[in-house]
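Each chain, letter by letter, is given below.
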Amino acid sequence: MNHTHYSVFIRLLYRLPCYILGLVLFSLILLAISAFIPRKWHDYSQSNCDIKICVSNTGIHSNIIVPTKNNIFDWHKFFSISKIGIDTAPDYNYLSFGWGDKDFYMLTPSLSDLKFSTTFKALFIPTHSVMYVKGYQVIPTDLEVKCVRISKNDYSRLTDYIQDSFQLDTKGKTVRLGNGHTVNAGFYAAIGSYSILRNCNSWTASGLRRANINTPLWDGLSSAIILHLKNSCNFE
């Protein structure tokens, strides 16, 4: 390598961090823009939307809220509702389901508990996942919640999706891992690995798409999912 080529190489080497930073910033801008772009632009309104489902936003996580029992599916047949949490409630009218990284989800109940080490590991090292289940008597009012109505067929696909996300033992039973952040919640073993390409909100969005509900082009943010959650049927 002659002196001229060496000088060019050194200049490129010094500029490499700037190029990398520029690429990262460009990628973040693209993701931010994608969060405001819906996957469906056409009219996707439906008829016979008999069932109401909701999505909650904790600021970090999004969760799917469904009736505990209706004429399509009874969650009592899937696992023990009375053992979800450690409270004395014999039953719940609604169940909230979320999926995420085991360590991040179990150690980060709110934004104030966010730690760099846990976040970095969850994003960049594929890790074990958990299902977070909460029981409610009424739709929660202490969280941002948005509801829509869907058809019976779409609801059936959604419940199948949620069930398929649980890891089952050799007897076909769900595996409870520990208590939740509140007395009405618990953690369960789940299927799939958490990573930067598939986070808790990606799981929620995938389930909503199974139910023909519109989601953002990039679904990594809980607020973006709530933003695009549009009701395609009138409900009370």
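Residues numbered from 1 in each chain as written. Predicted model: local features only at pLDDT ≥ 70, side-chain atom pairs only at ≥ 80, totals over all residues. Heavy atoms only, no water.

Caption draft 1: Structural view of the side chain of Gln-163. In this fold, Gln-163 is placed in helix α4 (residues 152-164). If sequence neighbours within four positions are ignored, Gln-163 has contacts with Phe-73, Trp-75 and Phe-78. (Helix = DSSP H or I, 4+ residues; strand = E, 2+ residues; numbered from the N terminus. Contact = heavy atoms within 4.5 Å.)

Caption draft 2: Fine view of the packing of aromatic side chains. Within this structure, the stated rule accounts for 14 aromatic pairs. Ring plane angle 80 degrees and centroid distance 5.9 Å describe the contact between Phe-79 and Phe-166, whose orientation is recorded as edge-to-face. Of this pair, Phe-79 sits in the loop between β2 (62-67) and β3 (94-101) while Phe-166 sits in the loop between α4 and β6 (176-179), and the two are 87 residues apart along the sequence. Judged by relative accessible area, Phe-79 falls into the buried class, the value being 7%. The interplanar angle of 20 degrees and the centroid separation of 4.4 Å between the aromatic rings of Tyr-132 and Phe-187 together place this pair among those described as stacked. Here Tyr-132 is found in strand β4 (residues 127-136), whereas its partner Phe-187 is found in strand β7 (residues 185-194), with 55 residues between them in sequence. With respect to class, Tyr-132 is no different from Phe-187; both count as buried. (Phe/Tyr/Trp six-rings, centres within 6.5 Å; stacked < 30°, edge-to-face > 60°. Buried < 20%, exposed > 50% of the residue type's maximum accessible area, 1.4 Å probe, protein only.)

Caption draft 3: Summary view of the sheet that holds β4. Strand order in the open sheet made by the seven strands is β5-β1-β2-β3-β4-β7-β6, with antiparallel pairing throughout. Every other strand in the sheet has two partners, leaving β5 (144-150) and β6 as the edge strands with one partner each. Recorded for the sheet is a direction-independent mean angle of 30 degrees between the axes of neighbouring strands. Summarising the sheet, β2 and β3 pair through four bridges and their orientation is antiparallel. (Pairing = 2+ DSSP bridges. Axes fitted to C-alpha atoms, helices over the stretch in contact; angles between N-to-C directions.)

Caption draft 4: Quick peek at the state of the cysteines. In the structure shown here, the tally under the stated rule is one disulfide. Each sulfur of the disulfide joining Cys-54 and Cys-147 lies 2.0 Å from the other. Here Cys-54 and Cys-147 share a disulfide; its torsion about the S-S bond, 95 degrees, makes the bridge right-handed. Separated by 93 residues along the polypeptide, Cys-54 in strand β1 (residues 51-57) and Cys-147 in strand β5 bring together distant segments of the chain. Overall, Cys-54 belongs to the buried group, its relative accessible area being 1%. (Disulfide = S-S within 2.5 Å.)

Caption draft 5: Layout of unusual backbone geometry. For Asn-212, which is not glycine, the phi torsion reads 60 degrees and is therefore positive. Position of Asn-212 relative to the elements: it lies in the loop between α5 (200-210) and α6 (222-228).

Caption draft 6: View of the side chain of Asn-57. In this fold, Asn-57 is placed in strand β1. Side chain to side chain, Asn-57 and Ser-222 meet in a polar contact 2.6 Å long. With sequence-adjacent residues up to four places away left out, Asn-57 is seen in contact with Leu-143, Glu-144, Ser-222, Ser-223 and Ile-226. (Polar contact = N/O pair within 3.5 Å; in protein donor to acceptor, adjacent residues only side chain to side chain.)

Caption draft 7: Main features of the environment of His-181. Mapped onto the secondary structure, His-181 falls in the loop between β6 and β7. The exposure class assigned to His-181 is partly exposed, which follows from its relative accessible area of 31%. For His-181 and Met-106, which are 75 residues apart along the polypeptide, the C-alpha to C-alpha distance reads 7.8 Å.

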